[in-house]
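# Reading the structure
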Protein chains: 2
Amino acid sequence: MAENGLAQREKVLTLESMNPFVKKVEYAVRGPIVTRAVQLEKELQQGVKKPFSEVIRANIGDAQAMGQKPITFLRQVSALCMCPELLTEANFPKDVKEKAQRLLAACGGQSVGAYSASPGIELIRQDVAQYIERRDGGIPASPENIFLSTGASDAIVTILKLLVSGEGRSRTGVMIPIPQYPLYSAALADLNAVQINYYLDEEKCWALDIGELRRALYRAREHCCPRALCIINPGNPTGQVQTRQCIEDVIRFAWEEQLFLLADEVYQDNVYAEGSHFHSFKKVLFEMGPKYSGSVELASFHSISKGFMGECGFRGGYMEVINMDPRVLQQLTKLVSVRLCPPVTGQVLLDVVVNPPQPGEPSYLQFSQEKQAVLSTLAKKARLTEGVLNQAPGIRCNPVQGAMYAFPQIQLPPLAVQEAEAQGQSPDMLFCLKLLEETGICVVPGSGFGQKEGTFHFRMTILPPLEKLEVMLQKVTEFHAKFTQEYSRGQLVGSGGSGGKSLKQAGL
Amino acid sequence: MAENGLAQREKVLTLESMNPFVKKVEYAVRGPIVTRAVQLEKELQQGVKKPFSEVIRANIGDAQAMGQKPITFLRQVSALCMCPELLTEANFPKDVKEKAQRLLAACGGQSVGAYSASPGIELIRQDVAQYIERRDGGIPASPENIFLSTGASDAIVTILKLLVSGEGRSRTGVMIPIPQYPLYSAALADLNAVQINYYLDEEKCWALDIGELRRALYRAREHCCPRALCIINPGNPTGQVQTRQCIEDVIRFAWEEQLFLLADEVYQDNVYAEGSHFHSFKKVLFEMGPKYSGSVELASFHSISKGFMGECGFRGGYMEVINMDPRVLQQLTKLVSVRLCPPVTGQVLLDVVVNPPQPGEPSYLQFSQEKQAVLSTLAKKARLTEGVLNQAPGIRCNPVQGAMYAFPQIQLPPLAVQEAEAQGQSPDMLFCLKLLEETGICVVPGSGFGQKEGTFHFRMTILPPLEKLEVMLQKVTEFHAKFTQEYSRGQLVGSGGSGGKSLKQAGL
């Protein structure tokens, strides 16, 4: 160190000295491609000439950012809770006012500005329990098992945190689907738990195969202690909706293999395909009888960010835990108390979602129409997306049965693969970056979610307004054709699935 | 296992198999005493006869739960952001509407229902930076260094998480004051970092002594790797406001010893005592010249839960990082992106706090009056609390210079100490539980915050309405006298500070 002390001292906190597990965290949905998209938006604002006039952010399931209008009733109740003087001033329907008054009465000091109990406002936990009972045809739900959260991510990380222990061969392993939503891989890296991949079957519309679960589990047991199994249904990024049979098989597997189940069911209201239905893990579990319903440990997650409301900014959600050891439940209660409480504004909005206007109430008609309009438009977009993508040579897209994403497989020319790898980049990242630079369309490379080796994908949301989505899909397919042509001097790789050629077979 | 599978199976997740670090977490502010308070409230509602008619929750700094009214301007802007149709409908002042429109324009899809950028809405980060510049007399602040958060707790845990690494003797140690706010001990337990206690000097109005910092640091270096120093100013639970000189000394110490500084400054607007002023660590750091301002790494935390607004339920806050390694800043950005974004409703409310009505604007007068009324009432309550407590024999309370708590020392009779210890309970927990059962007053035992061995305290907020606070203080002192009498057959212990007798001296 120089004598005057002005020379550059080494920092306390450096890339070398920081938490090594945080360094391993990756989160593609907001990764480098999104950083570049933000830069491009700024450049456009500054008048820099680009081959496009706007950036279309199809990278994240953020309905309102894509122009979806909030559901009127939800926001009216929220505004009254925010500013109770409006109870007398604003020209809102009677049921809006009643709902707001009921919620305010349940808040500390009758204000959304007070902390709530750490697991959430008692009344709202009761409302959530009743909502779950209605959803599951009367199977009982207890407010004691409901924990409100700051979006679903918060609750998922909390449960994973409880599950993690051990070192070396007894380190906790958690099974996650591949492709997955990268919150899971990020949280597991951060917690220094072992990520155990099980592959969804792209050839069978991303079905979950018990044989594959077993393969992944048995192999993992050689080096860690698998304790939990995550399922995302409807699927993110894959958009499939699991059959009742499949869920039963998964539950039986969890019972046999002593695994804690994490059911990420945040897209439970987003089911579009003919013949597809959402079956909650809880309902199936209870229908399988006491052998299962009395023992399989389950946490199910839900959120106000998706569904028909798309209220991502409020950061609201809940989890229901089933068959949790009462002493662990106490530990969970303690753990959530350290962060004091989930945002009360998100709790209030969640309540309105689980406890909506009923037939005969003044807001019922408008509410139902708005809800239906969102869901039927999403269904149209799902069909449109699948249709357009599957007309393009070299692109193959499974039906978007639910959720709000397509995860098409794309063939990429060997030369593109070579170029990307020479740059230390995944080939689908190269594709997505070039797509962004040329068209302004921001999608996320499949490598950010995981995919079978030698296959390439991207995830796009189906959320842009219908006309814009149509143009976007057209541009994506045209760009893919052009990209393929420009790089094509060798054989294509990434023709995917069971028929796909590995990088090695393609001579790379 | 029984053949029919119905016998009780062992759970996957048990107290034995769960994350051992989570088990170690303690959080007194919402601990068993609060659980009991909630039970008592329910019993009262059910008509069970008690020696009191209501539970007074003086356990947590939750102003609005104690009846403080929200600041009108903040809530009006929030309501408009929630429900933009009110822009034309509601009879709100022009500046409310302008503020709401400006904020909505900065939201994705012009809606608070869209996710924001992970470090927060760009415009609000800019407004926070300007607010800090004004606070610190023009010392520059950059939006790049501002991260909005889900309350201050979220940001504090995030920075601690970055700092934690190593095992055995190279495990990260973090210095925290004793008494402390238990978020720190809880987060450090959860992260498996080493908690290094330095004791505040109760005899000198909870001053921070550099000699004590040095003692704690050198001793800790024998078994871990101390890397960060936390300061809470104004103090929680202790209510002291640090002098400028003290802050300078701390910064010099951090420079000499290569420590990352965490300045918990969430009570910066809550300074009441004549002659006490809030000095931000950042301002003092920059006034000490480039030797320090160019190298000492600092994170400062602020919140919308405290101050004059007390908007705890919104879960809003921010941190500013200074001199952070740019590569670590990138890692921080990545880490916060996994949770997507802080609640947008909290971000919006934060903006209004840092960017309030200006003289000449329609809402200025009302806003200023409401703000001033809250702060001057708090100042009155601070003086009242100190005054009443210090009149009681066996209770000694330092001046409540700032924040919103008193942390009086209480003498407890040896027999009470014996009884508590026989029950495996800390003696001040016994006192607080009995206080709660007899008077309905809920305060938190000093053992939940840490205290010098053989001394006993409790933390109470000064937030109840003035008349209720007066009655409450009276009841507390009367109860203490009665408690002392009932248990007095031996010598008192816990006469505190340097003159205090240890348990051993008292013959226990």
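Residues numbered from 1 in each chain as written. Chains lettered and ligands numbered in written order. Predicted model: local features only at pLDDT ≥ 70, side-chain atom pairs only at ≥ 80, totals over all residues. Heavy atoms only, no water.

## A few points about the overall build of chain A
Rules: By the criteria applied, helices consist of DSSP H or I runs no shorter than four residues and strands consist of E runs no shorter than two, each listed in order from the N terminus. We compute the radius of gyration over the C-alpha atoms and compare it with the globule rule, which gives 2.2 Å times the number of residues raised to the power 0.38. Each accessible area value is a Shrake-Rupley result obtained with a 1.4 Å probe; residue values ignore everything except the protein chains displayed when judging cover. Positive residues here are Lys and Arg, negative ones are Asp and Glu, while His and the chain termini are left out of the count. In plain terms, the charge of a residue is placed at NZ if it is Lys, CZ if Arg, CG if Asp and CD if Glu.
Broken down by element type, chain A carries 18 helices and 14 strands. The C-alpha radius of gyration computed for chain A amounts to 24 Å, which stays within 12% of the reference 23 Å derived for 508 residues, consistent with globular compactness. If one aligns the C-alpha atoms of chain A with their principal axes, the spans along those axes are about 75 × 70 × 55 Å. Looking at chain A as shown, the accessible area adds up to about 18,500 Å², and 50% of this sits on carbon and sulfur atoms. Positive and negative charge centroids in chain A, built from 52 and 53 side chains respectively, lie 2 Å apart.

## Thoughts on the sheet that holds strand 10 (residues 405–406) of chain A
Think of a sheet as strands paired side by side through backbone hydrogen bonds, with each pair either parallel or antiparallel. Residue and element names in this part refer to chain A. Note the cut-off: Paired strands, in this sense, are two strands between which DSSP finds at least two bridges.
Across the sheet, three strands lie side by side as 10-14-13; this open sheet has antiparallel pairing. At either end of the open sheet lies a strand with only one pairing partner, and these are strand 10 and strand 13 (444–445). Here strand 10 pairs with strand 14 (residues 458–461) via two bridges, running antiparallel. Across the sheet, Y405 pairs through a bridge with T461, a residue of strand 14.

## Re the pairing of strand 8 (residues 317–322) of chain B
Residue and element names in this part refer to chain B. So the rule is basically this: Buried residues are those whose accessible area, probed at 1.4 Å on protein chains only, stays under 20% of the maximum for their type, while exposed residues exceed 50% and partly exposed ones sit between those limits.
Most of strand 8 is tucked away: six of the six residues are buried. Neither face of strand 8 is open: one carries G317, M319 and V321, the other Y318, E320 and I322, and all of them are buried. The sheet contact formed by strand 2 (residues 146–149) and strand 8 spans four bridges and is antiparallel. Opposite I146, over in strand 8, you have E320 as the bridge partner. In this sheet, strand 8 lies alongside strand 7 (residues 298–303) in antiparallel orientation, the contact comprising six bridges. Bridge pairing in strand 8 links A299 to V321.

## Some points on the interface of chain A and chain B
By a widespread convention, an interface's size corresponds to the accessible area lost as its parts come together. Heads up, the condition is: Note on definitions: a residue-residue contact is assigned when non-hydrogen atoms from the two residues lie within 4.5 Å. By convention, the term buried area covers the 1.4 Å-probe accessible surface removed from two parts as they join, with the contributions of both added. When a carboxyl oxygen of Asp or Glu is within 4 Å of a side-chain nitrogen of Lys or Arg, the pair counts as a salt bridge. Counting of polar contacts relies on pairs of N or O atoms within 3.5 Å, with two restrictions inside protein: one atom must be capable of donating a hydrogen and the other of accepting it, and residues adjacent in sequence are counted only when both atoms are side-chain atoms.
Contacts between the two partners involve 99 residues from chain A and, on the opposite side, 99 residues from chain B. Both faces considered, chain A and chain B share a buried interface measuring about 8,300 Å² in area, 57% of it formed by carbon and sulfur atoms. For the interface between chain A and chain B, the tally reads six salt bridges. Linking D154(B) and R339(A) is a salt bridge whose minimum nitrogen-to-oxygen distance equals 3.6 Å. Joining chain A to chain B, the criterion identifies 52 residue pairs in polar contact (both at pLDDT 80 or more). Of all the secondary-structure elements, those providing two or more residues to the side of chain A that touches chain B are helix 1 (20–24), helix 3 (72–82), helix 4 (86–89), helix 7 (151–163), helix 8 (183–190), helix 12 (290–293), helix 13 (326–337) and helix 14 (344–354) of chain A.

## Notes on the sheet that holds strand 3 (residues 172–178) of chain A
Residues and elements named next belong to chain A. Selection rule: To obtain an axis, a line is fitted to C-alpha atoms, over the contacting stretch when the element is a helix, and the angle between two such axes runs from 0 to 180 degrees between their N-to-C directions.
Sheet architecture is open: seven strands sit in the order 2-8-7-6-5-3-4, paired in mixed fashion. Two strands lie at the open edges of the sheet, namely strand 2 (146–149) and strand 4 (194–199), each paired on one side alone. The average angle at which neighbouring strand axes cross in this sheet is 25 degrees, direction not considered. As paired elements, strand 6 (residues 260–264) and strand 7 (residues 298–303) share four bridges and run parallel to each other. Along strand 7, the bridge assignment pairs L261 with L298. On top of the sheet, helix 6 (residues 122–135) reaches strand 2, strand 7 and strand 8 (317–322); it is set at about 115 degrees to strand 2, its chief contact.

## Quick word on the packing of aromatic side chains
Quick reminder of the rule: Pairing of aromatic rings covers Phe, Tyr and Trp, the last through its six-membered ring, and needs centres within 6.5 Å; plane angles under 30 degrees mean stacked, over 60 mean edge-to-face, and all others mean tilted. When the NZ atom of lysine or the CZ atom of arginine is within 6 Å of a ring's centre and also within 35 degrees of its normal, the charge is said to sit over that ring.
Counted under the stated rule, the structure contains 22 aromatic pairs over all chains. Following the ring pairs from residue to residue traces out a cluster consisting of F431(A), F458(A), F479(A), F483(A) and Y487(A). Seen from the ring of F147(A), R125(A) lies directly overhead, with NZ or CZ sitting 5.7 Å from the centre. The ring of W255(B) has K291(B) sitting right over it, with the charged end atom 4.4 Å from the ring centre.

## Some points on the domain arrangement of chain A
All names here are of chain A. Here is the rule: Domain boundaries shown here were taken from an automatic or database domain assignment. Amino acid classes used here: Ala, Val, Leu, Ile, Met, Phe, Trp, Tyr, Cys and Pro are nonpolar; Asp, Glu, Lys and Arg are charged; the rest, including Gly, are polar.
Parsing chain A into structural domains produces domain 1 (20–66 + 376–487) and domain 2 (117–354). Put simply, the middle of domain 1 and the middle of domain 2, counted by C-alpha atoms, are 27 Å apart. Buried surface at the junction of domain 1 and domain 2, both sides included, amounts to about 2,700 Å², of which 54% is carbon and sulfur. Taken as a group, N398, Q401 and A403 account for 23% of the area that domain 1 buries against domain 2, more than any other trio of residues on that side. Connecting domain 1 to domain 2 are one salt bridge. Linking domain 1 to domain 2 there are 18 residue pairs in polar contact (both at pLDDT 80 or more). Elements with a minimum of two residues in the side of domain 1 that touches domain 2: helix 1, helix 15 (364–391) and strand 10. At four residues, the largest contribution of residues to the side of domain 1 that touches domain 2 is made by helix 15. Of the residues that constitute the side of domain 1 that touches domain 2, the class distribution is 19 nonpolar, ten polar and seven charged.

## A few points about the relation of the copies chain A and chain B
Keep this limit in mind: Superposition of the copies was done by least squares, using only C-alpha atoms of residues whose pLDDT is at least 70 in both.
The operation relating chain A to chain B is a screw motion whose rotation component is 180 degrees, with 0.0 Å of axial translation and a residual RMSD of 0.0 Å. On this basis, the relationship between the two copies can be described by a two-fold rotation axis. Closest approach to the rotation axis among the C-alpha atoms of chain A is made by A79(A), whose C-alpha sits 2.3 Å away. By residue overlap, the copies meet face to face through one surface: 100% of the interface positions of chain A are interface positions in chain B.

## Considerations on the pattern of salt bridges
As enumerated under the stated definition, the model contains 52 salt bridges over all chains in all. Where R36(A) meets E43(A), a salt bridge forms, and the shortest distance between an N and an O atom there is 3.4 Å. Linking D351(B) and R102(B) is a salt bridge whose minimum nitrogen-to-oxygen distance equals 3.8 Å. Note that D351(B) is positioned in helix 14 (residues 344–354) and R102(B) in helix 5 (residues 94–105), a separation of 249 residues in sequence. It is possible to trace a salt-bridge network through shared partners that takes in R244(A), E248(A), D249(A), R252(A), K283(A) and E287(A).

## Structural notes on helix 9 (residues 210–220) of chain A
Residues and elements named next belong to chain A. Definition in use: What the arc measures is the spread of directions leading from the helix axis to the C-beta atoms.
Inspection of helix 9 places I210, E212, L213, A216, L217 and A220 among the buried residues, and these make up the whole buried set. On an axial view of helix 9, the arc spanned by its buried residues comes to 160 degrees, and they lie on one face. The secondary structure elements touched by the buried residues of helix 9 are strand 3, strand 4, strand 5 (225–232) and helix 10 (244–257).

## Digging into the pairing of strand 5 (residues 225–232) of chain B
Residues and elements named next belong to chain B. Here is the rule we go by: When the strands point away from the viewer and the path from the first strand over the helix to the second turns clockwise, the crossover is right-handed.
With respect to burial, strand 5 is a largely interior element, seven of its eight residues being buried. The pairing of strand 3 (residues 172–178) with strand 5 spans four bridges and is parallel. By the bridge assignment, T172 is partnered in strand 5 with C225. Where the polypeptide runs from strand 5 across helix 10 (residues 244–257) and back to strand 6 (residues 260–264), its parallel neighbour, the crossover connection is right-handed.

## Examining the UniProt feature "domain: Aminotransferase class I/classII large" (unreviewed entry) in chain A
Spelled out, the test is: UniProt positions are given in the numbering used here, feature names are shortened, and annotations may be inferred rather than shown by experiment.
The feature "domain: Aminotransferase class I/classII large" (unreviewed entry), as annotated in UniProt, sits at residues 93–474 of chain A in this numbering. Taken end to end, residues 93–474 of chain A is 43% helix and 15% strand, and its first and last C-alpha atoms sit 44 Å apart.

## Looking at unusual backbone geometry
Residue and element names in this part refer to chain A. With omega at 0 degrees, the peptide bond leading from I178 into P179 counts as cis. Counting through the fold element by element, P179 comes out in the loop between strand 3 and helix 8. Of note in the backbone geometry, C205 takes a positive phi value of approximately 55 degrees without being a glycine. Here C205 is to be found in the loop between strand 4 and helix 9. We classify C205 as buried; its relative accessible area is 18%.

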